[in-house]
Amino acid sequence: MATAVETLSKLERRITLSFPLADVQAEVEKRLKVRARTAKAPGFRPGKVPMKMVAAQFGYQVETEVLNDKVGRAFNDAAVENNLRVAGFPKIEPKTSEGVAEGALAFDATFEVYPEVVVGDLSASEVEKTVTSVSDVEIDKTLDILRKQRVHYHVKGEQGAHGDGGADQSAQNGDRATVDFVGKIDGVEFQGGKADSFPFVLGEGRMLPEFEAATLGLKVGESKTFPLAFPADYHGKDVAGKTAEFTITLTKLEWAHLPEVDAEFAKSLGIEDGDLSKMRADIKRNLEREVNARTKAKTKDSVMDALIKVSELEVPKALIEQDIERLMQMAQQDMQQRGMDPKGMQLPRELFTAQAERRVRLGLILAEVVKTNKLEATEEQVKAQVDDFAQSYEDPQEVLKYYFSDRRRLAEVEALVLEENVVNYVLGKSKVTEKAVEFDALMGNQPQA
């Protein structure tokens, strides 16, 4: 049985659960008899172990299982009977003998309930809708990137199908230089400071600025000695903050040849007939797809901020704690994928508190907006979203099969559709201003003024 629900705070509640000790003992004995059928012990055949020995071996475990089952069922029954929407898991504590009936066991279950969510008037809310256009400039920049991804190198001065690299045989930005080098600190070579036939592309920033500056202008066979100051935060702790003297010798120099934007280049991008206009149209579609995803994300952030401002609710601490755990697990998985070992690294929970609180708050608000305004995802919307995902892959049918063969994957798509439904609903209710963002700023290539 359960007592009346006691209100401890806006969201916190407590119920006392009790049941006869005799019921617990009877269930324990019943389960021990089942265990006895297969129990093993030295000197006894399976199933012939005395009950006292079975009880000594399994009694504590079985008693714990019985108590957990009875408390769980009693709590669930009480929650249903009192129409409680429990947030998170209850904290169960044995109740002291005071106030407990003779021959009974009692436990206090302390828990939180879901809050009432009040979404205010959205008509006064201001939302920014991000807009970005894709022009020929962006297509040309993308073509340059694609060309650089297909760069190949030729030895400077050697005549080939693409020329000899020009009259200037000295190292310039864009060239691939191969060098021998040795570095010394106070006249002594240091670990990692020497290499033979070391290649790098000038101008890419792979090497420290002094190293690149010393290489520029060299011709094959020439050497140069120069000082190099390692930054204080340099990854090599033994040399960080110190100045070394390097000697480099240029042993090979190659110039970069970028493929021409022609029919062959178009074919390499999947345009079977090599039509350049089709290639540009395909690039534009891909850029617009990416731009659309990013502008939607920025607009969604603005919508979510507006919803938080107009909504009133208490956020259950239990849900925040659960989300902190999820975020910490995701961070550890991300570290593992990056080749890092998260073992022994204790991530402070405080790092995730604000993010978890916002996620939980938004989840509760979105659920209320969806329920109140009937914004559930339809089958047609889910199918259209999956179709959109599929368009960026070589085999769209495989993508469709991937999603529709797993209910969990479809649930992720449904969640995205729900969010989009909410975004569209808020945009239709609030004051919307368009914010133009330059393509490079949207893609993270430069800061937006």
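Figured I'd write up the structure that's included with this text. (Residues numbered from 1 in each chain as written. Predicted model: local features only at pLDDT ≥ 70, side-chain atom pairs only at ≥ 80, totals over all residues. Heavy atoms only, no water.)

Considerations on the nonpolar core
Core analysis: the largest hydrophobic core is formed by 33 residues, its most contacted members being Val303, Leu307, Phe352, Val422 and Val426. Those elements that place two or more of their residues in this core are helix 6 (276–310), helix 7 (317–337), helix 8 (350–373) and helix 11 (407–429). Top contributing element to this core by residue count: helix 8, with nine residues. Ignoring sequence-local partners within four residues, the contact set of Val426 consists of Leu122, Val127, Val303 and Leu307. Leu11, Leu17, Phe107 and Ala109 belong to the second-largest nonpolar core, a separate cluster that totals 26 residues. (Core = buried A, V, L, I, M, F, W, Y, C linked by side-chain atoms within 4.5 Å. Buried < 20%, exposed > 50% of the residue type's maximum accessible area, 1.4 Å probe, protein only. Helix = DSSP H or I, 4+ residues; strand = E, 2+ residues; numbered from the N terminus. Contact = heavy atoms within 4.5 Å.)

Quick look at the packing of helix 10 (residues 396–404) against helix 11
Packing of helix 10 against helix 11 leaves a shortest axis separation of 6 Å and a crossing angle of 100°. As far as their axial angle goes, helix 11 and helix 10 are roughly perpendicular. Mapping the contact onto sequence places Tyr402, Tyr403 and Phe404 in helix 10 and Arg409, Leu410 and Val413 in helix 11. (Axes fitted to C-alpha atoms, helices over the stretch in contact; angles between N-to-C directions. Parallel < 35°, antiparallel > 145°, perpendicular 65-115°, else oblique.)

A look at the sheet that holds strand 2 (residues 12–20)
The strand order 1-2-4-3 describes an open sheet built from four strands, whose pairing is antiparallel. Each edge of the open sheet carries a strand with a single partner, namely strand 1 (6–7) and strand 3 (86–94). Strand direction decides the pairing type here: strand 3 and strand 4 (residues 104–113), joined by six bridges, are antiparallel. For Lys91, the partnering residue across the bridge sits in strand 4 and is Thr110. In the packing of helix 7 onto the sheet, the strands contacted are strand 3 and strand 4, and the crossing angle to strand 3 comes to about 100°. (Pairing = 2+ DSSP bridges.)

Examining helix 11
End to end, helix 11 covers 33 Å across 23 residues, agreeing with the expected 33 Å (1.5 Å per residue, within 8%). Taken as a whole, helix 11 has its buried residues at Leu410, Val413, Val417, Asn421, Val422, Val423, Val426 and Leu427. Where helix 11 is buried, its residues touch strand 6 (126–131), helix 6, helix 8, helix 9 (379–390), helix 10 and strand 13 (431–436). Capping the start of helix 11, Asp406 holds a side-chain oxygen 2.8 Å from the backbone nitrogen of Arg408, two or three residues further along. (Expected span 1.5 Å × (residues − 1). Polar contact = N/O pair within 3.5 Å; in protein donor to acceptor, adjacent residues only side chain to side chain.)

What to know about helix 10
Residues Val399, Leu400 and Tyr403 constitute the buried set of helix 10. Projected down its long axis, helix 10 shows its buried positions confined to an angular sector of 100°, all on one face. For helix 10, the exposed residues lying more than 90 degrees away from the buried face are Gln397 and Lys401. Buried residues along helix 10 sit against helix 9 and helix 11. (Arc of directions from axis to C-beta.)

Examining the side chain of Thr16
Of note, Thr16 is situated in strand 2. With relative accessibility at 14%, the residue Thr16 sits in the buried group.

Details of the packing of aromatic side chains
In the structure shown here, the tally under the stated rule is 16 aromatic pairs. Ring centres of Phe181 and Phe211 lie 5.4 Å apart, and the angle between their planes is 85°; on these two criteria the pair is classed as edge-to-face. Remark: Phe211 occurs in helix 4 (residues 209–215) and Phe181 occurs in strand 8 (residues 176–185); sequence separation between them is 30 residues. Its relative accessible area of 10% is what places Phe181 among the buried residues. We classify Phe211 as buried; its relative accessible area is 4%. Their ring planes at 55° and their centres at 6.0 Å tell us that Phe181 and Phe246 sit as a pair that is tilted. With Phe181 in strand 8 and Phe246 in strand 11 (residues 243–257), this pair connects stretches of sequence that are 65 residues apart. Residue classification places Phe246 among the buried positions, given a relative accessible area of 5%. In this structure an aromatic cluster arises from ring pairing among Phe181, Phe190, Phe198, Phe200, Phe211, Phe226, Phe230, Tyr234 and Phe246. (Phe/Tyr/Trp six-rings, centres within 6.5 Å; stacked < 30°, edge-to-face > 60°.)

Notes on the packing of helix 6 against helix 8
Working note: a packed helix pair is described by the angle between its axes plus the distance between those axes. Orientation of helix 6 relative to helix 8, taken along the N-to-C sense of each, is 85°, at an axis distance of 10 Å. Between helix 6 and helix 8, the interaxial angle falls into the category roughly perpendicular. In this structure, helix 6 contributes Asp301, Met304, Asp305, Leu307 and Ile308 to the contact, and helix 8 contributes Arg358, Arg361, Leu362, Ile365, Leu366 and Val369. Looking at the contact of helix 6 with helix 8, its residues break down into seven nonpolar, no polar and four charged. (Nonpolar A, V, L, I, M, F, W, Y, C, P; charged D, E, K, R; others polar.)

Some words on the pattern of salt bridges
Scanning all chains against the criterion turns up 32 salt bridges. We note a salt bridge from Asp140 to Arg280, for which the minimum N-O separation is 3.0 Å. Highlighted residues: Asp140 in helix 3 (residues 136–149) and Arg280 in helix 6, separated in sequence by 140 residues. Through salt bridges with shared partners, a single network forms among Glu27, Arg31 and Asp69. (Salt bridge = Lys/Arg side-chain N within 4 Å of Asp/Glu carboxyl O.)

Digging into the environment of Thr16
Between the C-alpha atom of Thr16 and that of Val423, which follows or precedes it by 407 residues, the distance is 43 Å. A polar side-chain atom of Thr16 sits 2.7 Å from a polar atom in the side chain of Asp108.

Here's the deal with the pairing of strand 2
Where strand 1 lies against strand 2, two bridges are found, and the strand directions are antiparallel. The residue bridging Glu6 from the neighbouring strand is Arg14, located in strand 2. Between the end of strand 1 and the start of strand 2, which pair antiparallel, lie four residues.

Here we look at unusual backbone geometry
With a phi close to 50°, Ser197 is a non-glycine residue in the positive phi region. Positive phi outside glycine occurs at Lys374, with the angle close to 55°. Note on placement: Lys374 falls in the loop between helix 8 and helix 9.

Notes on the side chain of Arg13
By secondary structure assignment, the location of Arg13 is in strand 2. Notably, Arg13 is buried but unbridged: the nearest opposite-charge side chain belongs to Glu12, and the N-O separation is 8.0 Å. Polar contacts involving the side chain of Arg13 include one to the main-chain carbonyl oxygen of Ser9, which spans 2.9 Å. (Lys, Arg positive; Asp, Glu negative; His and termini not counted.)

Without other data, these values stay purely geometric and don't point to any function.
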